[in-house]
Every structure is written in structure tokens, then in C-alpha cells.
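# Tertiary structure, described
Below are the chains, spelled out letter by letter.
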Amino acid sequence: MKTAIVYESTHHQNTLKLVQAIREKFPVDTIDVTETESADLTGYDLIGFAAGIAYGKFYPAIEKFAARCLPAGKRVFFLYTCGRDSQSYLSSMRETAARKDCQVLGAYSCRGFDTFGPFKLVGGINKGRPNEEDIAGAVRFFEKLR
Ligand SMILES: Cc1cc2nc3c(=O)[nH]c(=O)nc-3n(C[C@H](O)[C@H](O)[C@H](O)COP(=O)(O)O)c2cc1C
């Protein structure tokens, strides 16, 4: 099954740690949306979107990338890291997938080191996250999807 993971991990590269661990174990192509504005994803059977969360949503560039580049009818999954989890973080990406008749196979999330806003004053929250267990969880999640 040909797989791509599209990612944006700009705050502390927290989400990138999950993507890297998956990439080390499985043959997946990865696309960093900070380096490319669009890509042809038609040749992939499974497409993952991975990002940190800002203001309750996936980062803006990956949201736009998904809206522009996700082909219809694909199988998709989501990975994210965040300061404090909420299922609502996926609403907009799920809507994009639904608009394109894509099937969402699942989502994996964990906490990530966060120095946004007031958290910076206290040296950040979730130090050391994602940790080894978080990362192993992402790999297990991906393994079950395939
Ligand atoms: C501008 C900004 C806004 C953020 N907003 C949220 C938020 O709404 N909810 C949350 O749980 N975390 C929020 N965070 C924390 C990040 O989602 C978290 O640190 C994440 O692990 C960063 O992932 P990355 O290093 O892969 O970019 C925010 C961080 C930044 C920089």
C-alpha cells in the first residue's frame, strides 16, 4: 500500500518525531508543507496528515494543503501533538476529508512540548513529550492501519 504522510511541525518538531519513527520502520513518503505548497497525491492509497495544533486546529498551511491537494476517495489518517488534547482539533480536517469522500481510518495524538504564549514564562509545558512511549504508540497506530 503506497503511503504518504504530509506534515507540518514548526513549533518544536514534536510531531516530526512521530513521523520520523514511522518513516524509519515503514516505506512511506513524507512531504513537509513548509517546503512545498502542493503535491500530486493521486498515486497514494493511504495519506496521513500530521501536525501540531494552533488555536484549536491543525496548522493553517497543512489545512490549506489538504483542502487543495487531497484527492477524492482516498483513505486518510491523522497524527497530531498538542498542549492539551481535545477531539475538536480534528473537526476541520475531518470536514475536508468528508467533502472529498475520503474515508478516515483513525487518528493518533499525544502531548508535545509547548512554549506558546504564557507557557513560555514557566519554561513550557509537557517537557520531554512526545516521549518514547508516545512515539512507540504512533508506530503501533500506523502498523494497525496498514
Ligand atoms: C501559536 C500556537 C498555538 C497553539 N495552540 C494550541 C491549542 O490551541 N491547543 C493545544 O493543545 N496546543 C496548542 N499549541 C501547542 C502545540 O500544538 C504543541 O506544542 C505541539 O506539540 C507543537 O507541535 P510541533 O512541534 O510539531 O509543531 C499551540 C502552539 C503554538 C505555537
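For the structure itself, look to the data block above.
### Structural notes on the site of the ligand
- Lining the immediate surroundings of the ligand are 22 residues, of which Ser-9, Thr-15, Ile-53, Tyr-59 and Thr-81 lie closest.
- In this structure, Thr-15 approaches the ligand through a side-chain N or O atom, which is 2.6 Å from an oxygen atom.
- Here the ligand loses 88% of its free accessible area of 650 Å² to cover by the protein chains.
- Mapped by element, the contributors of at least two residues to the shell around the ligand are α1 (14–25), β3 (46–54) and β5 (75–82).
- Counting residues per element, the shell around the ligand draws most heavily on β3, at 3 residues.
- Taken together, the residues of the shell around the ligand sort by class into 8 nonpolar, 12 polar and 2 charged.

### A word on the nonpolar core
- Among the nonpolar cores identified, the biggest contains 26 residues, and Val-6, Leu-41, Ile-47, Phe-49, Phe-58, Ile-62 and Phe-65 are the most heavily contacted of them.
- Listed by contribution, the elements that provide at least two residues to this core are β1 (3–8), β3, α2 (60–69), β5 and α3 (91–99).
- Counting residues in hydrophobic clusters, the runner-up holds 21 residues, among them Ile-5, Tyr-7, Ala-21 and Val-139.

### Some remarks on the packing of α2 against α3
- In contact at an axis separation of 9 Å, α2 and α3 are set at 10° when each is read in the N-to-C sense. Between α2 and α3, the interaxial angle falls into the category roughly parallel. Only Ser-92, Met-93, Thr-96 and Arg-99 of α3 make contact with α2, whose side of the interface consists of Ile-62, Glu-63, Ala-66 and Ala-67.
- Broken down by class, the residue content of the contact of α2 with α3 amounts to 4 nonpolar, 2 polar and 2 charged.

### Observations regarding the environment of Thr-96
- By the secondary structure assignment, Thr-96 is in helix α3.
- Sequence-wise, Thr-96 and Leu-70 are 26 residues apart; in three dimensions their C-alpha atoms are separated by 8.6 Å.
- Beyond its immediate chain neighbours, meaning those up to four positions away, Thr-96 contacts Ala-66 and Ala-67.

### Here's the deal with the packing of aromatic side chains
- This model, assessed by the stated rule, comprises 9 aromatic pairs.
- Note on Tyr-55 and Phe-116: the rings are 5.6 Å apart at their centroids and 85° apart in plane angle, and the pair reads as edge-to-face. Taken as a pair, Tyr-55 in the loop between β3 and β4 (57–58) and Phe-116 in the loop between β6 (103–111) and α4 (132–145) lie far apart in primary sequence, 61 residues in all.
- On the basis of an interplanar angle of 75° and a centroid distance of 6.1 Å, the ring pair of Tyr-80 and Tyr-89 is categorised as edge-to-face.
- Grouped by ring-pair contacts, the aromatic residues Phe-26, Phe-77, Tyr-108, Phe-141 and Phe-142 constitute a single cluster.
- Cation over ring: Lys-2 sits above Tyr-44, and NZ or CZ is 4.5 Å from the ring centre.

How each quantity is defined
- Residues numbered from 1 in each chain as written.
- Predicted model: local features only at pLDDT ≥ 70, side-chain atom pairs only at ≥ 80, totals over all residues.
- Heavy atoms only, no water.
- Near = heavy atom within 4 Å.
- Polar contact = N/O pair within 3.5 Å; in protein donor to acceptor, adjacent residues only side chain to side chain.
- Areas by Shrake-Rupley, 256 points an atom, 1.4 Å probe, with all protein chains shown as cover.
- Helix = DSSP H or I, 4+ residues; strand = E, 2+ residues; numbered from the N terminus.
- Nonpolar A, V, L, I, M, F, W, Y, C, P; charged D, E, K, R; others polar.
- Core = buried A, V, L, I, M, F, W, Y, C linked by side-chain atoms within 4.5 Å.
- Buried < 20%, exposed > 50% of the residue type's maximum accessible area, 1.4 Å probe, protein only.
- Axes fitted to C-alpha atoms, helices over the stretch in contact; angles between N-to-C directions.
- Parallel < 35°, antiparallel > 145°, perpendicular 65-115°, else oblique.
- Contact = heavy atoms within 4.5 Å.
- Phe/Tyr/Trp six-rings, centres within 6.5 Å; stacked < 30°, edge-to-face > 60°.
- Lys NZ or Arg CZ within 6 Å of the ring centre and 35° of its normal.

Scope: geometric values only; no functional claims are made or implied.
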